[in-house]
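Coordinates in review
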Amino acid sequence: MWRRRLGALLLRSPPSSSSTAASSLQHRRHHLLPTQEPLALNRLARLFTSQAGSDGDGGHSQKPFIAFVLGGPGSGKGTQCTKIASDFGFAHLSAGDLLRHEIASGSEKGELILDIIKQGRIVPSEITVELIRKAMEMSNANKVLIDGFPRCEENRVAFERIVGTEPDIVIFFDCPEDEMVKRLLGRNQGRVDDNIETIKKRLKVFESLNIPVVDYYSSRGKVHKINATGTADEIFEAVRRIFSSLRF
């Protein structure tokens, strides 16, 4: 059923302006893209929806335990996800890694995603979520960590609509801005975006887009906030206490 809804959302023609709901959707689409949607985006939408029914199990698999792991750039969430996955048997998924893997694969989907990114456009939430959904199914895991996603409220809504569920738990690594800046400047990964000006911009984007997601799930009693200062081992002790208390 969700596949038909995804197809309808991405592929239907813009309805008349007399519909309030349609006006809202049209406004959202124009927020993401100019008035003329690029051919690559239309082709990518068709490719995802045409293959969505052929890679799953018919929707009969048991829902896995889902943990969102959120935190600002440099908060250490990636390091902690590796430890959680190792100690507690979670599959570790990253939206950014999935997009990069699809591009690197040389597939038609990957080429079209790259084309969208090269045009300076945002890859629509529905496409990113579909990659996550497929990776969850392929992992066949009963416990899944989703690292650094959702990045904004639009991501959150798309995930819940397409996957059909909320996360069971949200881990938020709360790290002071000056500590995140110090970590990002100190790491030697050769990233061109690890300079002070770009880092400050990234932190502002995180504050404006990601914090509302944390606030939403806090209101639903799902957020466990962790003080992300100290050594990686010290931080993981707090993480371990949370996951050791859970019933999967």
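Residues numbered from 1 in each chain as written. Predicted model: local features only at pLDDT ≥ 70, side-chain atom pairs only at ≥ 80, totals over all residues. Heavy atoms only, no water.

1. Structural notes on the overall build of the protein chain
Summing up its helical and strand segments, the protein chain has eleven helices and five strands in all. A burial count over the protein chain gives 45% of its 248 residues as buried. A separation threshold of at least 6 residues defines the contact pool for the protein chain, and within that pool the share at least 24 residues apart is 78%. Carbon and sulfur atoms provide 50% of the accessible area of the protein chain, an area that totals close to 13200 Å². (Helix = DSSP H or I, 4+ residues; strand = E, 2+ residues; numbered from the N terminus. Buried < 20%, exposed > 50% of the residue type's maximum accessible area, 1.4 Å probe, protein only. Contact = heavy atoms within 4.5 Å. Areas by Shrake-Rupley, 256 points an atom, 1.4 Å probe, with all protein chains shown as cover.)

2. Thoughts on the sheet that holds strand β5 (residues 223-227)
The strand order β2-β3-β1-β4-β5 describes an open sheet built from five strands, whose pairing is parallel. Where the open sheet ends on each side, the last strands, each with one partner, are β2 (91-94) and β5. On average, each strand axis in the sheet is tilted by 20° relative to the strand beside it, whichever way the strands run. In this structure, strand β1 (residues 65-71) lies alongside strand β4 (residues 169-174), joined through five bridges in parallel fashion. Its bridge partner lying in β4, L70 is registered against F172. Of the strands in this sheet, β1, β4 and β5 are in contact with helix α10 (residues 196-219), which crosses β1 at around 140°. Helix-sheet contacts for helix α11 (residues 232-244) involve β3 (143-147), β4 and β5, and the interaxial angle to β5 is about 160°. (Pairing = 2+ DSSP bridges. Axes fitted to C-alpha atoms, helices over the stretch in contact; angles between N-to-C directions.)

3. As for the nonpolar core
Counting 29 residues, the largest nonpolar core has F68, I132, M136, I146, F149 and F159 as its most contacted members. Only β1, α5 (95-104), α6 (108-118), α7 (125-139), β3, α8 (153-163), β4 and α10 provide two or more residues apiece to this core. Top contributing element to this core by residue count: α7, with six residues. Core analysis: the next-biggest nonpolar cluster, separate from the first, contains 26 residues, F65, A67, V69 and C81 among them. (Core = buried A, V, L, I, M, F, W, Y, C linked by side-chain atoms within 4.5 Å.)

4. Focus on unusual backbone geometry
In the segment running from F149 into P150, the intervening peptide bond is cis, with an omega of 5°. Its location among the elements puts P150 in the loop between β3 and α8.

5. What to know about α8
All of the buried residues along α8 are N155, R156, A158, F159, E160 and I162. Downstream of α8 by a residue or two, G164 has a phi angle that is positive, lying close to 85°.

6. A short note on the UniProt feature "binding site: ATP" (unreviewed entry) in the protein chain
As recorded in UniProt, the sites labelled "binding site: ATP" (unreviewed entry) are G74, S75, G76, K77, G78, T79, R187 and G230. Along the chain, G76 falls in the loop between β1 and α4 (77-88). Following the sequence through the fold, K77 ends up in helix α4. Among residues more than four places away in sequence, those in contact with K77 are V69, L70, G71, G72, D147, G148 and F173. A distance of 3.1 Å separates the side chain of K77 from the backbone oxygen of G71, its partner in a polar contact. (UniProt positions renumbered as here; feature names shortened; annotations may be inferred. Polar contact = N/O pair within 3.5 Å; in protein donor to acceptor, adjacent residues only side chain to side chain.)

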